[in-house]
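# Working through the structure, step by step
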Amino acid sequence: MTAEMVAPAWMHEQITAEEYESWSEEQCAGIEIVDGMVVVSPSASKRHNRLARILANSLDAAAGPDWNADTDFDVRLQDVPLTNRRPDVIVYRADTIDVMPTRPEHVLLVAEVVSPGSETTDRIVKVDQYAKAGIGFYWRIEQAATGTPLVYTYLLDPATKTYRDGDVFTGVVKVAAPFAVEIDLSQV
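Residues numbered from 1 in each chain as written. Predicted model: local features only at pLDDT ≥ 70, side-chain atom pairs only at ≥ 80, totals over all residues. Heavy atoms only, no water.

## So, the pattern of salt bridges
Taken as a whole and assessed by the stated rule, the structure comprises 14 salt bridges. For the salt bridge of Glu142 with Arg123, the shortest nitrogen-to-oxygen distance reads 2.9 Å. Of this pair, Glu142 sits in strand 8 (residues 137-142) while Arg123 is found in helix 4 (residues 119-133), placing the two residues 19 residues apart along the sequence. Residue Lys132 is joined to Asp128 by a salt bridge in which the shortest nitrogen-to-oxygen separation is 2.7 Å. (Salt bridge = Lys/Arg side-chain N within 4 Å of Asp/Glu carboxyl O. Helix = DSSP H or I, 4+ residues; strand = E, 2+ residues; numbered from the N terminus.)

Following this line, the structure appears as structure tokens:
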């Protein structure tokens, strides 16, 4: 076996929060850490990125000065074993913009745009992880075959740390909580 064929240690050994924090921004791009193991995510499609950007921009504009909405950064769900998820869209307290790592108590809403290969993770695994972490709202955007996205919304039941099903929207999202916003995703 040649040196080029040997997987780096980080691909098959658990890493700690301290080890992860020593990595460069480039090393952390395009990965998540689940139970201490690195999970590599392929680059998203242009449609996926556009959906996430439109959603984040609309949420940011509607959220007011206390909240920011951004894309693609780590949310530290737990330290041991290390679990960092990188939601497609994150609405978080504006006063925590420079606090690292971003923790669930800083986050109001996360949204995931489902892509081929992320269906089970976005529909089942992340829903459970975000709920157990106490994040109030979860939105899942499905890229339907018709081209018009479907948006599934979920609201946390804090007593059970599970999500209750909210409304499902086709193309245009119009909600009152966590704040009033109308987002047209039908033209993506």
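Don't stop here, the text continues.
## Some thoughts on the UniProt feature "domain: Putative restriction endonuclease" (unreviewed entry) in the protein
Those residues carrying the UniProt feature "domain: Putative restriction endonuclease" (unreviewed entry) are residues 18-143 in this numbering. Annotated as residues 18-143, this span is 33% helix and 30% strand, and its ends, taken at the C-alpha atoms, are 37 Å apart. (UniProt positions renumbered as here; feature names shortened; annotations may be inferred.)

## A few points about the nonpolar core
Membership of the largest hydrophobic core comes to 25 residues, with the highest contact counts inside it found for Leu55, Leu59, Trp139, Ile141, Val173 and Ile183. Elements with a contribution of two residues or more to this core: helix 3 (46-63), strand 6 (89-93), strand 7 (107-113), strand 8, strand 11 (172-175) and strand 12 (181-184). In this structure Val173 touches Trp139, Val151, Val181, Glu182, Ile183 and Leu185, once residues within four positions along its chain are discounted. In this structure, Leu77, Tyr92, Val107 and Leu156 belong to the second largest nonpolar core, which totals 15 residues. (Core = buried A, V, L, I, M, F, W, Y, C linked by side-chain atoms within 4.5 Å. Buried < 20%, exposed > 50% of the residue type's maximum accessible area, 1.4 Å probe, protein only. Contact = heavy atoms within 4.5 Å.)

## Points about helix 3
For helix 3, spanning 18 residues, the distance from its first C-alpha to its last is 25 Å, which sits close to the expected 26 Å at 1.5 Å a residue. For helix 3, the full list of buried residues reads His48, Leu51, Ala52, Ile54, Leu55, Ala56, Leu59 and Ala63. Contacts made by the buried residues of helix 3 are with strand 3 (67-71), strand 6, strand 7, strand 8 and strand 12. Following helix 3 by one or two positions, Gly64 has its phi on the positive side, about 85°. (Expected span 1.5 Å × (residues − 1).)

## As for the pairing of strand 4 (residues 75-78)
Summarising the sheet, strand 4 and strand 5 (residues 83-85) pair through 3 bridges and their orientation is antiparallel. Looking at strand 5, one finds that Gln78 is bridged to Thr83. Where strand 4 hands over to strand 5, the hairpin turn is made up of 4 residues, counted between the paired strands. (Pairing = 2+ DSSP bridges.)

## Remarks on the sheet that holds strand 3
Taken together, 6 strands build an open sheet; the order of strands is 3-6-7-8-9-10 and the sheet is mixed. Two strands close off the open sheet at either side, each with one partner strand: strand 3 and strand 10 (162-170). Along the sheet, successive strands turn relative to each other by an average axial angle of 20°, direction set aside. Pairing analysis gives 5 bridges linking strand 7 to strand 8, with the strands arranged parallel. Bridged to Ala111 within strand 8 is Trp139. Lying over the sheet, helix 3 contacts strand 3, strand 6, strand 7 and strand 8, oriented at roughly 170° with respect to strand 3. Where helix 4 meets the sheet, it contacts strand 7, strand 8, strand 9 (150-157) and strand 10, and its direction lies at approximately 165° from that of strand 8. (Axes fitted to C-alpha atoms, helices over the stretch in contact; angles between N-to-C directions.)

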